[in-house]
Amino acid sequence: MKRFCSMALIVSLVFLMGCSDAAPAPSKPSVVTGVTVSYENGSVTAQRYYTSDYKIRSVLNYLRWIDPYGVPEENPELSSGSSFHIVLSYSDGREKLYRQKSDRYFLEEGKPWQNIDPNKAISLSQMLGELESDQ
C-alpha cells in the first residue's frame, strides 16, 4: 500500500509540473506590412513596392493561388526568361522570399523549386502591370 501511495504521489507531481506558471507566453501574430517585387527579363528590369492593404492582399492571394507542384526535371536557375523576386516584410522585422522563374517554376524560401502552371503564372505579370508602386 505504501508503494502504491508513493507512486500515486510521484505521478501527481509530474502532472502538476505540467501546469506550471512558467509556460512561455504566446507570441504576437505577425502580419505582412510590405511587399517588394523585382522583375528581370534580359535587360528589362522593374521594381514595385506595396504597402497598401489592397495591393499586399493581391500579392498574397496570388501566392496562395499559384499552387506549386512537383520538383522540376531541369534546373530552373539555368532557365531563360522572366524572373521575379517577391519579398514579404513582416511586422516583427522578418522577411520571406519567393521566386518565380520563366512562368514555369516557383521557389518558396527554404523549400526546393517546384513546377507551376504557366497559364496561372502569367497573371503575376498582368497584376504587377496594373498595380502601380506605392513608393
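Summary of the structure given here. Keep in mind that this is a model prediction, so the values were computed, not measured.

1. Digging into the nonpolar core
V35, Y50, L63, I86 and L88 are the most contacted members of the largest nonpolar core, which totals 22 residues. Looking at this core, the elements that each hand over two or more residues are β1 (32-41), α2 (53-65), β3 (83-90) and α3 (118-130). It is α2 that provides the largest number of residues to this core, a total of five residues. Leave out the neighbours within four places in its chain, and Y50 touches T33, G34, V35, V37, K55, I56, V59, L128, L131, E132, S133 and D134.

2. Things to note about the sheet that holds strand β2 (residues 44-50)
An order of β2-β1-β3-β4-β5-β6 is seen for the six strands of this open sheet, with the pairing classed as antiparallel. Each edge of the open sheet is held by one strand with a lone partner, namely β2 and β6 (114-115). Sheet strands in contact with α2 are β1, β2, β3, β4 (95-101) and β5 (105-108), and its direction is about 65° off that of β1. Against the sheet, α3 contacts β1, β2, β3 and β4, and its axis sits at roughly 65° relative to β3.

3. Details of α2
Side chains that are three or four residues apart share a direction in an α-helix, a result of its 3.6 residues per turn. Taking 1.5 Å of rise per residue, the 13 residues of α2 would be expected to cover 18 Å, and the 18 Å separating its terminal C-alpha atoms lies within 8% of that figure. Along α2, the positions that sit buried rather than exposed are K55, I56, S58, V59, L60, Y62 and L63. Residues of α2 that are buried make contact with β1, β2, β3, β4, β5 and α3. Directly after α2, the chain includes D67, whose backbone phi takes a positive value near 55°.

4. Observations regarding the packing of aromatic side chains
All chains considered together, the criterion is met by three aromatic pairs. Here the aromatic rings of Y39 and F84 are separated by 5.0 Å at their centres, their planes lie at 50°, and the arrangement is tilted. Residue Y39 is found in strand β1, and its partner F84 is found in strand β3; the two are separated by 45 residues along the sequence. Taking 6.3 Å as the distance between ring centres and 55° as the angle between the ring planes, the aromatic pair formed by Y62 and W65 counts as tilted. Residue Y62 and its partner W65 are both found in helix α2; the two are separated by three residues, about one turn of the helix. Look at Y62 and you get buried, because its relative accessible area is 4%. Using a relative accessible area of 41% as the deciding quantity, one classes W65 as partly exposed. The ring centre of Y90 lies 4.5 Å from the NZ or CZ of R94, which sits over that ring. One Lys or Arg, K120, reaches over the ring of W65 and ends 5.1 Å from the middle of that ring.

Calculation criteria
Residues numbered from 1 in each chain as written. Predicted model: local features only at pLDDT ≥ 70, side-chain atom pairs only at ≥ 80, totals over all residues. Heavy atoms only, no water. Core = buried A, V, L, I, M, F, W, Y, C linked by side-chain atoms within 4.5 Å. Buried < 20%, exposed > 50% of the residue type's maximum accessible area, 1.4 Å probe, protein only. Helix = DSSP H or I, 4+ residues; strand = E, 2+ residues; numbered from the N terminus. Contact = heavy atoms within 4.5 Å. Pairing = 2+ DSSP bridges. Axes fitted to C-alpha atoms, helices over the stretch in contact; angles between N-to-C directions. Expected span 1.5 Å × (residues − 1). Phe/Tyr/Trp six-rings, centres within 6.5 Å; stacked < 30°, edge-to-face > 60°. Lys NZ or Arg CZ within 6 Å of the ring centre and 35° of its normal.

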